[in-house]
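One letter stands for each residue in the lines below.
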Amino acid sequence: MTTTFITGANKSLGYETARRLIEAGHTVLVGARDTARGQAAADTLGARFVQIDVTDDASVAAAAADIGGREGGIDVLINNAGVLGSHSPADQLTAADASEVFEVNVVGIVRVTHAFLPLLRKSANPVIVNVSSGMGSFAATHDPGRVESRAVVPLYTSSKAAVTMLTTQYAKSWPDVKVNAADPGYTATDFNGHSGPQTVSEGTDAIVELATIGADGPTGVFRDRHGVVAW
């Protein structure tokens, strides 16, 4: 069984992913920015809490050092932490708004992945799962039959498009590490006021599947619970 570190694991998709992996017998380290909420989530799950702010170099380095000292390494990194950002109309969005979203959703993944790659490479089957979104898919957002086509959220959607491309580039760069992106789909979480039609369990299907692939599993793919997503 694997040792998995999940960022943003104190609620919603991150929490449910942790719960499911623990239930299946995996060791999970719960990462969260807020210490009280993260510790409470870890206590409920029966996991170890590791404080991490994906926007802060020192915090990420400390988390990696903590895990390196305690667990020695990890098998799976799930980059789940993300923010929706400003709800302002497109013509009112500012550079500061963009920086806030991209700093967490994209730069945060780069920061965490860079710090944790040495720990991953201690595994016989290192795996990275980046939680992306169909909202960042050109195909989905131009398909009138899909809910993604009816949403206009410029910064969040563009950040998730960047996450998916970053995933493919990492996969090409590191043949020894499997790097994939998951689209949870429109799931009832805090992100959307619990308006999504999918349950949080359904929303984590692709994440859990990609987190538990074997040595012959794929790399560089973008998939949801139904299969590969066009993007």
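Owing to the predicted nature of the structure, the values given are computational and were not obtained by experimental measurement.

Engineer: In this structure, what is going on with the pattern of salt bridges? I would like to understand it.
Structural biologist: Side chains carrying opposite charge are able to pair once their charged atoms draw close together. Tallying each qualifying case throughout the model produces twelve salt bridges. The shortest N-O distance in the salt bridge between Glu148 and Arg146 comes to 2.8 Å. Since its relative accessible area comes to 28%, Arg146 is described here as partly exposed. A single network of salt bridges, built from pairs that share partners, joins Arg20, Glu202, Asp205 and Arg225.

Engineer: I tried to follow the sheet that holds strand S4 (residues 76-79) on my own but got confused; where do I start?
Structural biologist: For sheets, the rule is that strands pair by backbone hydrogen bonds, running either parallel or antiparallel. Strand order in the open sheet made by the eight strands is S3-S2-S1-S4-S5-S6-S7-S8, with mixed pairing throughout. Two strands lie at the open edges of the sheet, namely strand S3 (48-51) and strand S8 (227-228), each paired on one side alone. When strand S2 (residues 27-32) meets S3, the two strands line up parallel, connected through four bridges. The partner of Val30 across the bridge, within S3, is Phe49. Strands in contact with helix H2 (residues 35-45) are S2 and S3; relative to S3, the strand with the most contacts, it is inclined by about 160°. Docked against the sheet, helix H6 (residues 154-173) engages strand S5 (127-131), strand S6 (178-182) and strand S7 (222-224), running at close to 160° with respect to S6.

Engineer: Help me understand the environment of Phe5, please; the structure alone is not making it clear to me.
Structural biologist: Mapped onto the secondary structure, Phe5 falls in strand S1 (residues 3-6). We classify Phe5 as buried; its relative accessible area is 0%. Residues Phe5 and Ile78 lie 73 residues apart in sequence; the distance between their C-alpha atoms is 6.2 Å. Ignoring anything within four residues of it in the chain, the contact list for Phe5 reads Leu29, Val30, Gly31, Val50, Ile52, Ile67, Ile74, Val76, Leu77, Ile78 and Phe116.

Criteria and thresholds
Throughout, residues of each chain are indexed from 1 in the direction in which the sequence is written. Reporting of local features is limited, given that this is a predicted model, to residues whose pLDDT is at least 70; pairs of side-chain atoms are given and counted only at 80 or more, and all residues count toward the totals for whole chains, interfaces and linings. Water and hydrogen atoms were dropped before computing side-chain values, which therefore reflect all heavy atoms in the structure. Salt bridges are defined as contacts in which a side-chain nitrogen from Lys or Arg sits within 4 Å of a carboxyl oxygen from Asp or Glu. A simple rule labels every residue: compare its accessible area, found with a 1.4 Å probe on the protein chains alone, to the largest value its type can have, and call it buried under 20%, exposed over 50%, or partly exposed in between. By the convention used here, strands pair only if DSSP detects at least 2 bridges between them. Put simply, DSSP H or I for four residues or longer makes a helix, DSSP E for two residues or longer makes a strand, and each gets a number counted from the N terminus. Any pair of residues with heavy atoms lying within 4.5 Å of one another is described as a contacting pair. Fitted lines through C-alpha atoms give the axes, limited to the stretch in contact for helices. The angle between two N-to-C directions lies from 0 to 180 degrees.

Everything listed here is a matter of geometry and, on its own, says nothing about what the molecule does.
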